[in-house]
Amino acid sequence: MTDLHRLSIREMAEGLKSAQFSSRELTQHYLDRIAKLDDRVNSYVTVTPEYALAQADAADNLLKNGTAGTLAGVPLAHKDIFCTQGIKTSAGSKMLDNFISPYDATVVAKAKAAGLVTLGKVNMDEFAMGSTSESSFYGATKNPWNLEHVPGGSSGGSAAVVAADLAPFATGTDTGGSIRQPASFCGLTGLKPTYGRVSRFGMIAFASSLDQGGPMARSAEDCAFLMNTIAGHDAKDSTSINKEVDDYVANLNATAVKGLRIGIPKQYFNVQGLDAEVKARVEESLKTLENMGAILVEIDLNMTEAYVPTYYLIAPAEASSNLSRYDGVRYGYRCENPKDILDLHKRSRSEAFGAEVQRRILIGTYALSAGYYDAYYVKAQKVRRLIQQDFLTAFENVDVIAAPSAPTTAYKIGANLSPTEMYLGDIYTLAVNLAGLPAINAPVGFDKDSLPVGLQLIGNYWSESQLLSIVHQYQQNTDWHTKRATIAEENA
Ligand code: GLN
């Protein structure tokens, strides 16, 4: 049974149901791979073997009784931003290195209730701020396709564990691209759902009006299985929507690609810094979709230049407010021997927050300060509305919109981009969060250095089923999503 990690989620679930292998065997198989290979990838912050095996045994009992749900006994990894009762939740920060949550995030609770087995918690940029996973207190995660490159971020650990076959799928969060960009850099499928589709309860807040959790996996089908588990209304999250949830798995073939109108924004393909090979692979994938019957329609998204400045005003503003709770008193790190209460706040925060987090708190606090609030924050909110309107106008004419997920493939670790250079790399993902729309990344080939390239499809509100269905059918016609990094080929 050396190749259990090659199975799709559907095959795993079927293998468990028909007792070809037990959840304990499957879980142990992944734990062995993690023990052997994770040192090279640095994807797990915390591995939870005893916890995982206990969950596996419980799932095996349900499987024996015939009372197991669809995914009972299948392992997964959670981004270390989802609170897990009794297990450390660090958000990649020294601030929360000692934090053990007293409760589970709704996403975690739903996965548990479905009988999924938690292998552990995976690495990320500190408080999800970044695009490389290098800002983590636990060190950089490596890209399984080339260990000298970053896996992307902030859900870099989630992408790396799946790409290295150290978990069959994983949860991620996306505030400005953090599911789609690492999925793109690691050759995976990742879905950022409509804002409000997946509960944010217990998901450590970065920018609350933008944050959204979602699945990262090899294929659209695997993502659909996880979406069926985690999507839905949650009374504990006031921004969660009380709207019927699709059966994402049942709908995998429901959208007709024939006649589907795919918008190609002119502005997106002329962005300075768009790598020629990324552009070529994305265009080839669109050609494939066209051959499958889709109609490519050139469209305008006139607000493109406003994406980066608008996001990098609103996200830090919300972050500065959300992160004020880390005061050295209520949660996490506390400095030694504070002189007085101010010294306690000041030193706890400056000793435990990394440079990028401090930069964002400063920018956000400045933008929200009395004298600048209208000039910056209020103005950014108005531009945000125009960005949303731009998409709504486009959706009057097309079903989905195509774009690269990122202008380049994975950067080298330590490339030391300036903050502005790094922020510009988010050009294709930010507007989706500002507008609250769903979007998916699908792997569509490689550059000359064998690093993966991703296609992004952006849908109208609540079109998760449609996005998964389009990518599923693309994946029935292509094999990019089945390619494996060398490290994933190694057996434990
Ligand atoms: N790269 C973006 C940022 O640094 C997005 C991060 C995210 O989606 N969490 O803010």
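J.: I would appreciate a short explanation of the overall build of the protein chain in the present structure.
T.: The helix and strand inventory of the protein chain stands at 16 helices and 11 strands. Here the protein chain has a C-alpha radius of gyration of 21 Å; the compact-globule value for 492 residues is 23 Å, and the two agree. With the principal axes as the frame, the protein chain shows a C-alpha extent of 65 × 60 × 45 Å. With 492 residues in all, the protein chain has 62% of them scored as buried. Pairs at least 24 apart in sequence give 76% of the contacts found in the protein chain among residues at least 6 apart. Summed over all atoms, the accessible surface of the protein chain reaches about 18000 Å², with 50% contributed by carbon and sulfur. Placing the 45 positive and 54 negative side-chain charges of the protein chain at their respective mean positions leaves the two points 3 Å apart.

J.: Can you walk me through the side chain of Arg 218 in this structure?
T.: Structurally, Arg 218 can be placed in the loop between β6 (213–217) and α7 (220–230). In this structure the side chain of Arg 218 is engaged in a polar contact, spanning 3.0 Å, whose partner is the side chain of Asp 165. Setting aside chain neighbours within four positions, we find Arg 218 in contact with Val 162, Ala 163, Asp 165, Leu 188, Thr 189, Gln 475, His 481, Lys 483, Arg 484 and Ala 488.

J.: Please clarify how the site of the ligand should be interpreted in this entry.
T.: Near the ligand, the surroundings consist of 15 residues, among which Ala 128, Gly 176, Ser 178, Tyr 311 and Arg 360 are the closest. Gly 176 places a polar main-chain atom, nitrogen or oxygen, 2.6 Å from an oxygen atom of the ligand. Contacts to the ligand include Gly 177, whose backbone N or O atom sits 3.3 Å from an oxygen atom. Residue classes in the shell around the ligand are distributed as five nonpolar, seven polar and three charged.

J.: Even after reading the chapter, I still don't get the pattern of salt bridges, so can you show me in this structure?
T.: Between side chains of opposite charge, a pair can form as their charged atoms come close. Evaluation of the coordinates by the stated rule reveals 23 salt bridges. The residue Arg 40 makes a salt bridge to Glu 490 at a minimum N-O spacing of 3.0 Å. Separated by 450 residues along the polypeptide, Arg 40 in helix α2 (residues 23–41) and Glu 490 in the segment after α16 (486–489) bring together distant segments of the chain. Here the salt bridges do not stand alone but share partners, grouping Glu 277, Arg 281, Glu 284 and Lys 448 into one network.

J.: What's the story with the nonpolar core in this structure? I'm lost.
T.: A general tendency of soluble globular proteins is for nonpolar side chains to be buried together. The biggest cluster of nonpolar side chains holds 148 residues, and the ones touching the most others in it are Phe 127, Leu 289 and Phe 391. Ranked by the residues each element gives to this core, the list is headed by helix α9 (residues 307–322), at nine residues. Phe 127 has contacts with Ala 91, Ser 93, Met 95, Leu 96, Ile 204, Phe 206, Leu 323, Tyr 326, Phe 353 and Val 357, leaving out every residue within four places of it along the chain. Val 150, Ala 406, Ala 410 and Tyr 411 belong to the second-largest nonpolar core, a separate cluster that totals five residues.

J.: What am I meant to see in the confidence of the model for the protein chain here?
T.: As a note on interpretation, predicted positions should not be read in detail where pLDDT is low. When pLDDT is averaged along the protein chain, the result is 97; 100% of the residues meet or exceed 70. For the protein chain, the element scoring lowest by mean pLDDT is α16, at 87; strand β5 (residues 189–192) scores highest, at 99.

J.: How should the packing of aromatic side chains be read in this particular structure?
T.: Two descriptors summarise a pair of aromatic rings, namely the distance from one centre to the other and the angle between the planes of the rings. Using the criterion set out here, one finds 18 aromatic pairs in the structure. Both rings, one in Phe 446 and one in Trp 480, keep their centres 6.0 Å apart while their planes meet at 65 degrees; by these two values the pair is edge-to-face. With Phe 446 in strand β10 (residues 439–446) and Trp 480 in the loop between α15 (464–477) and α16, this residue pair connects regions lying 34 residues apart in the sequence. Given the relative accessible area of 29%, Trp 480 is considered partly exposed.

J.: Explain the pairing of β6 here, please?
T.: The element β6 is extensively covered by neighbouring structure, given that five of its five residues are classed as buried. The pairing of strand β4 (residues 170–173) with β6 spans four bridges and is antiparallel. In the strand pairing of β6, Thr 171 is matched with Pro 215. In this structure, β5 lies alongside β6, joined through two bridges in antiparallel fashion. Each bridged residue has a counterpart across the sheet, and for Gly 190 the counterpart in β6 is Met 216.

J.: Before we go on, may I ask you to explain the packing of α9 against helix α12 (residues 374–394) in this structure?
T.: Interaxial distance between α9 and α12 falls to 9 Å at its minimum, and their mutual angle equals 125 degrees. One element, α9, and the other, α12, form an angle in the oblique class. The two elements α9 and α12 cross, and the hand of that crossing is left-handed. Facing α9, whose interface residues are Tyr 307, Thr 310, Leu 313, Ile 314, Ala 317 and Glu 318, α12 presents Tyr 376, Tyr 377, Ala 380, Gln 381, Val 383, Arg 384, Ile 387 and Phe 391.

J.: What should I look at first to understand the environment of Ile 299 in this one?
T.: Considering the arrangement of structural elements, one finds Ile 299 in strand β8 (residues 295–299). A relative accessible area of 7% means that Ile 299 is categorised as buried. For Ile 299 and Ala 394, which are 95 residues apart along the polypeptide, the C-alpha to C-alpha distance reads 6.9 Å. Those residues in contact with Ile 299 that lie beyond four places of it in its chain are Gly 263, Ile 264, Pro 265, Lys 266, Gln 267, Ala 394, Asn 397, Val 398 and Ile 401.

J.: Explanation requested: a nonpolar patch on the surface in the structure shown.
T.: A grouping of Val 329, Ile 341 and Leu 342 is seen on the molecular surface, where their side chains present a nonpolar patch of about 300 Å² in accessible area. Here Val 329 lies in the loop between α9 and α10 (341–352). A residue is classified by how much of its surface remains accessible, and Val 329, at 42% relative accessible area, is partly exposed.

J.: Would you explain α7 in this entry?
T.: In an α-helix there are 3.6 residues to a turn, and that puts residues three or four apart on one side. The element α7 is largely enclosed, with a buried count of 10 among its 11 residues. What α7 keeps buried is the set Ala 220, Glu 221, Asp 222, Cys 223, Ala 224, Phe 225, Leu 226, Met 227, Thr 229 and Ile 230. A positive phi of about 135 degrees marks Gly 232, the residue just after α7.

J.: Please explain unusual backbone geometry as it appears in this structure.
T.: Comment: phi is negative for the bulk of residues other than glycine, and the bulk of peptide bonds are trans. Of note, the bond from Gly 153 into Ser 154 is cis; its omega dihedral lies within 30 degrees of zero at 5 degrees. Inspection of the secondary structure puts Ser 154 in the loop between β3 (117–122) and α5 (156–163). Phi is positive for Asp 165, which is not a glycine, with a value near 55 degrees. For Asp 165, a relative accessible area of 2% puts it in the buried group.

What counts, and at which threshold
- Residues numbered from 1 in each chain as written.
- Predicted model: local features only at pLDDT ≥ 70, side-chain atom pairs only at ≥ 80, totals over all residues.
- Heavy atoms only, no water.
- Helix = DSSP H or I, 4+ residues; strand = E, 2+ residues; numbered from the N terminus.
- Rg over C-alpha atoms; globule rule 2.2 N^0.38 Å.
- Buried < 20%, exposed > 50% of the residue type's maximum accessible area, 1.4 Å probe, protein only.
- Contact = heavy atoms within 4.5 Å.
- Areas by Shrake-Rupley, 256 points an atom, 1.4 Å probe, with all protein chains shown as cover.
- Lys, Arg positive; Asp, Glu negative; His and termini not counted.
- Charge placed at Lys NZ, Arg CZ, Asp CG, Glu CD.
- Polar contact = N/O pair within 3.5 Å; in protein donor to acceptor, adjacent residues only side chain to side chain.
- Near = heavy atom within 4 Å.
- Nonpolar A, V, L, I, M, F, W, Y, C, P; charged D, E, K, R; others polar.
- Salt bridge = Lys/Arg side-chain N within 4 Å of Asp/Glu carboxyl O.
- Core = buried A, V, L, I, M, F, W, Y, C linked by side-chain atoms within 4.5 Å.
- pLDDT = per-residue confidence, 0-100.
- Phe/Tyr/Trp six-rings, centres within 6.5 Å; stacked < 30°, edge-to-face > 60°.
- Pairing = 2+ DSSP bridges.
- Axes fitted to C-alpha atoms, helices over the stretch in contact; angles between N-to-C directions.
- Parallel < 35°, antiparallel > 145°, perpendicular 65-115°, else oblique.
- Left-handed = near helix turned anticlockwise from the far one by under 90°.
- Patch = residues over 30% accessible without salt bridge, like charges linked within 9 Å, V, L, I, M, F, W, Y side chains within 5 Å.

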